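The primary structure of each chain is shown beneath.
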Amino acid sequence: MKGKWAEHFGNNHPIHIEVGMGKGRFITDLARQNPDINYVGIEKYSSVLIRAIEKLEQLNSNSEMPVKNLIFIRMNAENLCDVFEKNEVSRIYLNFSDPWPKDRHAKRRLTSHEFLARYEKILKKDGTLEFKTDNKDLFDFSLEEMKNAEGWELTAFTYDLHHDVVLSEGNVMTEYEEKFSSIGNPICKMEARFL
């Protein structure tokens, strides 16, 4: 579908992707709320992806307005540039990504400079990246990576999303976010723009 997403969706609406979408609640909710945006959910684990597909199918079978602006892909995030063309994506969401806590695995983190370089190849100019996590160490790492990345502007961040009046406005929760915040874990969020 590289370079042909507009053709696939049958329109020229912006494309937003979620890398590591899990069971798909977040991206499905966004797709339902924003019919004028096309969404692509990416997940590398088949077992989790199947649950997202089943949920979407059930939702569509019980709805007069089925979700038509959403597609799921099973793939590894390292291959994003094989699936999306330069300037094809307007926004990337990273939610509760694997923290890969060992230093030797830092390049596997979805907010590492290695992954930022991949995002640069598919994002439009002024495209955005949004990242949420409950893992403070991963968040600190991510902030540093973003601050040191050329071509990016860190536009907003918070260590307590649900108590941040500005950043919490219109927040769509993931399954993990609901679980962690319900037990009192603060949620961190970062927003950045690709220049």
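For the structure, see preceding data.
Residues numbered from 1 in each chain as written. Predicted model: local features only at pLDDT ≥ 70, side-chain atom pairs only at ≥ 80, totals over all residues. Heavy atoms only, no water.

Looking now at the layout of surface pockets. When its volume is computed, the largest pocket comes out at roughly 720 Å³. Lining the largest pocket are 30 residues, with Gly20, Glu43, Tyr45, Ser97 and Asp98 positioned closest to its centre. Secondary-structure elements contributing two or more residues to the lining of the largest pocket are β1 (15-19), α2 (25-33), β2 (38-43) and α7 (175-182). No other element matches α7, which puts three residues into the lining of the largest pocket. (1 Å grid on protein atoms, 1.4 Å probe; cavity = no way out; pocket = protein on both sides within 12 Å on 5 of 7 lines; lining within 4 Å. Points joined across faces, edges and corners; volume = space filled by probe spheres on them. Helix = DSSP H or I, 4+ residues; strand = E, 2+ residues; numbered from the N terminus.)

Let us look at the pattern of salt bridges. Pairs can form between side chains of opposite charge once their charged atoms are near each other. Enumeration over the complete set of coordinates arrives at ten salt bridges. When the shortest N-O distance is used, the salt bridge between Glu153 and Arg193 registers 2.6 Å. On the criterion of sequence distance, the pair formed by Glu153 in strand β6 (residues 152-158) and Arg193 in strand β7 (residues 188-194) is long-range, its members being 40 residues apart. Residue classification places Glu153 among the partly exposed positions, given a relative accessible area of 32%. The class for Arg193 is partly exposed, based on a relative accessible area of 27%. (Salt bridge = Lys/Arg side-chain N within 4 Å of Asp/Glu carboxyl O. Buried < 20%, exposed > 50% of the residue type's maximum accessible area, 1.4 Å probe, protein only.)

Below, the discussion takes up the nonpolar core. Counting 36 residues, the largest nonpolar core has Ile17, Val40, Leu80, Phe84, Ile92, Tyr119 and Trp152 as the members making the most contacts within it. The element best represented in this core is helix α6 (residues 136-147), accounting for five residues. If we ignore the near neighbours within four places in the chain, the residues touching Val40 are Trp5, Phe9, Ile15, His16, Ile17, Glu18, Ile27, Ile71, Ile73 and Phe84. If you look at the next biggest cluster of nonpolar residues, it comprises 15 residues, including Ile37, Val67, Leu70 and Phe72. (Core = buried A, V, L, I, M, F, W, Y, C linked by side-chain atoms within 4.5 Å. Contact = heavy atoms within 4.5 Å.)

Right, let's get into a positive patch on the surface. Where like charges cluster on the molecular surface, the positive patch consists of Lys44, Lys102, Arg104, Lys107 and Arg108. Its location among the elements puts Arg104 in the loop between β4 (89-95) and α5 (113-122). Accessibility expressed as a relative area gives 62% for Arg104, which makes it exposed. (Patch = residues over 30% accessible without salt bridge, like charges linked within 9 Å, V, L, I, M, F, W, Y side chains within 5 Å. Areas by Shrake-Rupley, 256 points an atom, 1.4 Å probe, with all protein chains shown as cover. Lys, Arg positive; Asp, Glu negative; His and termini not counted. Charge placed at Lys NZ, Arg CZ, Asp CG, Glu CD.)

The next thing to look at is the pairing of β7. Within β7, six of the seven residues are buried, which leaves it mostly tucked inside the rest of the structure. Pairing of strand β5 (residues 123-133) with β7 involves six bridges; the strand directions are antiparallel. Within the sheet, the bridge partner assigned to Phe131 lies in β7 and is Met190. With six bridges joining them, β6 and β7 adopt antiparallel strand pairing. What sits directly across from Leu154, in β7, is Ala192. (Pairing = 2+ DSSP bridges.)

Looking now at the packing of aromatic side chains. For the structure shown, the criterion picks out eleven aromatic pairs. Taking the centre distance of 6.4 Å and the plane angle of 40° together, the rings of Phe96 and Tyr176 count as tilted. With Phe96 in the loop between β4 and α5 and Tyr176 in helix α7, the pair connects residues that are 80 residues apart, well separated along the chain. For Phe96, a relative accessible area of 11% corresponds to the buried category. The exposure class assigned to Tyr176 is partly exposed, which follows from its relative accessible area of 47%. Centre to centre, the rings of Trp152 and Phe194 are 5.4 Å apart; their planes meet at 50°, and the pair counts as tilted. Of this pair, Trp152 sits in strand β6 while Phe194 sits in strand β7, and the two are 42 residues apart along the sequence. Side by side, Trp152 and Phe194 carry an identical accessibility label, which is buried. Following the ring pairs from residue to residue traces out a cluster consisting of Phe131, Phe139, Phe157 and Tyr159. Sitting over the face of the ring of Phe115, Arg118 holds its NZ or CZ atom 4.5 Å from the ring centroid. (Phe/Tyr/Trp six-rings, centres within 6.5 Å; stacked < 30°, edge-to-face > 60°. Lys NZ or Arg CZ within 6 Å of the ring centre and 35° of its normal.)

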